[in-house]
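Each chain, written out:
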Amino acid sequence: MTAIDAIKRQVGICMFDLYGTVVDMQGGLTHAVTPYLKAKNWSGEPSRLVTWWRRTHFENSMIDGLLHRAHIPYREIGRISLSYTLERAGIAHTQEEVKLLVAEIERLKPFPDAVAALTRLKRNYRLVILSNGDPDMLEAIKPHLGMKFDRVISVAEAGCYKPHAATYRKAAEIMAARPEEILFVASHAFDCVGAKAFGMRAAFIDRRKRPYGDWPYQPDLVVSNFTELADLLA
């Protein structure tokens, strides 16, 4: 039985990462920061600054997970990370400016192929989001998603960020499903690694044409975009 056959027979839930998988985080944040950086007379490439910001955010969220203290909200991790990034770039800024830019995450739009493909998948699967975003941020982005998911789950329910096993465990508990009944879909290798290590199936959306890495937790499917995923499963 092929991986596709097994998924069609056993999986009832497609669970998606949100930022960078369903919605275009790099493009959306680059669009948001460009006029801000121009007003600051910064001559660098806006997309590169966004990349620095996102990498710093990821690093800081992983640090938070290792502290074994109270979960720091995604919005606050974002503020800390962007403020640090702007300081490194030599850009004078206020915390109010930083908070406004971080709030742009709540208005990100889906990738062009996402809504049509997700609508096709919805005929056969329950569609769920599991995101590192805070509950209020996920509530705010719902009108921008272009469709309704069956459930939107924040890792705040587990008190830690993905790829901690507790996040996938809590999501499976909320959906009353066994791990193998869930196909986790992400464009980030770390998220697929986390889901596979927990026992879920995984589909890697290789939009950025980057290697997955030689992990023992390889994805069940590798596709270029959502359309290809829907073609295989819908």
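Residues take numbers from 1 onward in each chain, read along the sequence in its written order. Totals for whole chains, interfaces and linings use every residue, but because this is a predicted model, local features are given only for residues with pLDDT of at least 70 and side-chain atom pairs only at 80 or more, for both listing and counting. Computation of side-chain values: all heavy atoms of the structure, hydrogens and water removed.

Peer 1: Got a minute to help me understand the overall build of the protein in this structure?
Peer 2: Secondary structure elements follow DSSP: runs of H or I no shorter than four residues count as helices, runs of E no shorter than two count as strands, and numbering proceeds from the N terminus. Looking only at helices and strands, the protein has 10 helices and six strands in total. Here the globule rule is a power law, 2.2 Å times the number of residues to the power 0.38, and the radius of gyration is based on C-alpha atoms. Its C-alpha atoms give the protein a radius of gyration of 18 Å, near enough to 17 Å, the size a compact globule of 234 residues would have. Overall size of the protein, expressed as C-alpha extent along the three principal axes, is 55 × 40 × 35 Å. Each residue is placed in one exposure class: buried if its accessible area under a 1.4 Å probe, protein chains only, is under 20% of its type's maximum, exposed if it is over 50%, and partly exposed if it falls in between. Buried positions account for 47% of the 234 residues belonging to the protein. What makes two residues a contact is simply this: any of their non-hydrogen atoms within 4.5 Å. Counting only contacts in the protein whose residues sit at least 6 apart along the sequence, the fraction spanning at least 24 positions is 63%. Residue exposure ignores everything except the shown protein chains as possible cover, and the areas themselves are Shrake-Rupley values with a 1.4 Å probe. Counting only carbon and sulfur atoms, one obtains 52% of the accessible surface of the protein, whose full area is about 11300 Å². A residue counts as positive if it is Lys or Arg and as negative if it is Asp or Glu; His and the chain ends are not included. Note that the charge is assigned to NZ on lysines, CZ on arginines, CG on aspartates and CD on glutamates. For the protein, the centre of its 31 positive side-chain charges and the centre of its 27 negative side-chain charges are spaced 2 Å apart.

Peer 1: Help me understand the packing of aromatic side chains, please; the structure alone is not making it clear to me.
Peer 2: Geometrically, a pair of aromatic rings is defined through the distance of the ring centres and the angle of the planes. Paired rings are identified among Phe, Tyr and Trp, the last through its six-membered ring, by centres lying within 6.5 Å, and are further divided according to the angle between planes into stacked (under 30 degrees), edge-to-face (over 60) and tilted (the rest). Tallied over the entire structure, the rule returns eight aromatic pairs. Note on Trp42 and Trp52: the rings are 6.3 Å apart at their centroids and 80 degrees apart in plane angle, and the pair reads as edge-to-face. Of this pair, Trp42 sits in the loop between α2 (25–39) and α3 (46–67) while Trp52 sits in helix α3, and the two are 10 residues apart along the sequence. Members of the aromatic cluster, connected to one another through ring pairs, are Phe16, Phe149 and Phe226.

Peer 1: Mind showing me how you'd approach the pattern of salt bridges here?
Peer 2: Once the charged atoms of two side chains with opposite charge are near each other, the side chains can pair. Every case where a carboxyl oxygen of Asp or Glu lies within 4 Å of a side-chain nitrogen of Lys or Arg is listed as a salt bridge. All told, the structure shown has 15 salt bridges when counted by the stated rule. Here Asp113 makes a salt bridge to Arg207, at a shortest N to O gap of 3.0 Å. With a gap of 94 residues between them, Asp113 in the loop between α5 (95–102) and α6 (114–121) and Arg207 in the loop between β5 (201–205) and β6 (221–223) connect regions that are remote in the sequence. You can call Arg207 partly exposed: its relative accessible area is 22%.

Peer 1: Looking at this structure, I do not really get the nonpolar core. What am I missing?
Peer 2: Soluble globular proteins tend to pack their nonpolar side chains together in the buried interior. Counting 76 residues, the largest nonpolar core has Met15, Phe16, Tyr19, Ile105, Leu118 and Leu229 as the members making the most contacts within it. Apart from residues no more than four positions distant in its own chain, Tyr19 is found in contact with Met25, Tyr74, Ile105, Leu108, Ser131, Gly133, Met137, Leu138, Ile141 and His188. To qualify as a nonpolar core, a set must consist of buried Ala, Val, Leu, Ile, Met, Phe, Trp, Tyr and Cys residues joined through side-chain atoms within 4.5 Å.

Peer 1: Which parts of the structure should I look at to understand the layout of surface pockets?
Peer 2: It is a probe the size of a water molecule, rolled over the atoms, that shows where empty space is left. Cavity and pocket criteria rest on a 1 Å grid covering protein atoms alone: a 1.4 Å probe that fits but cannot get out defines a cavity, protein on both sides within 12 Å along at least 5 of 7 lines defines an open pocket, and an atom within 4 Å of a point defines a lining residue. Grid points are joined across faces, edges and corners, and a volume is the space filled by probe spheres set on the points. By volume, the largest pocket is sized at about 810 Å³. Lining the largest pocket are 32 residues; nearest its centre among them are Arg54, Phe58, His188, Phe190 and Arg208. Among the elements of the structure, α2, α3, α9 (189–198) and β5 are those that each provide at least two residues to the lining of the largest pocket. A per-element tally of the lining of the largest pocket places α3 first, with seven residues. Split into classes, the residues belonging to the lining of the largest pocket amount to 13 nonpolar, nine polar and 10 charged. Lys, Arg, Asp and Glu make up the charged group, whereas Ala, Val, Leu, Ile, Met, Phe, Trp, Tyr, Cys and Pro make up the nonpolar group; the residues left over, Gly among them, are polar.

Peer 1: What's the story with the pairing of strand β2 (residues 126–131) in this structure? I'm lost.
Peer 2: A regular strand places its side chains so that they alternate between the two faces of the sheet. Along β2, five of the six residues are buried, which leaves the element largely enclosed by surrounding structure. When DSSP finds two or more bridges between two strands, those strands count as paired. Pairing of β2 with strand β3 (residues 151–154), which is carried by four bridges, proceeds in the parallel orientation. In the strand pairing of β3, Val128 is matched with Arg151. One crossover worth recording links β2 to the parallel β3 by way of helix α7 (residues 135–141), and it is right-handed. Whether a crossover is right-handed comes down to one check: with the strands pointing away from the viewer, does the path from the first strand over the helix to the second run clockwise; if it does, it is right-handed.

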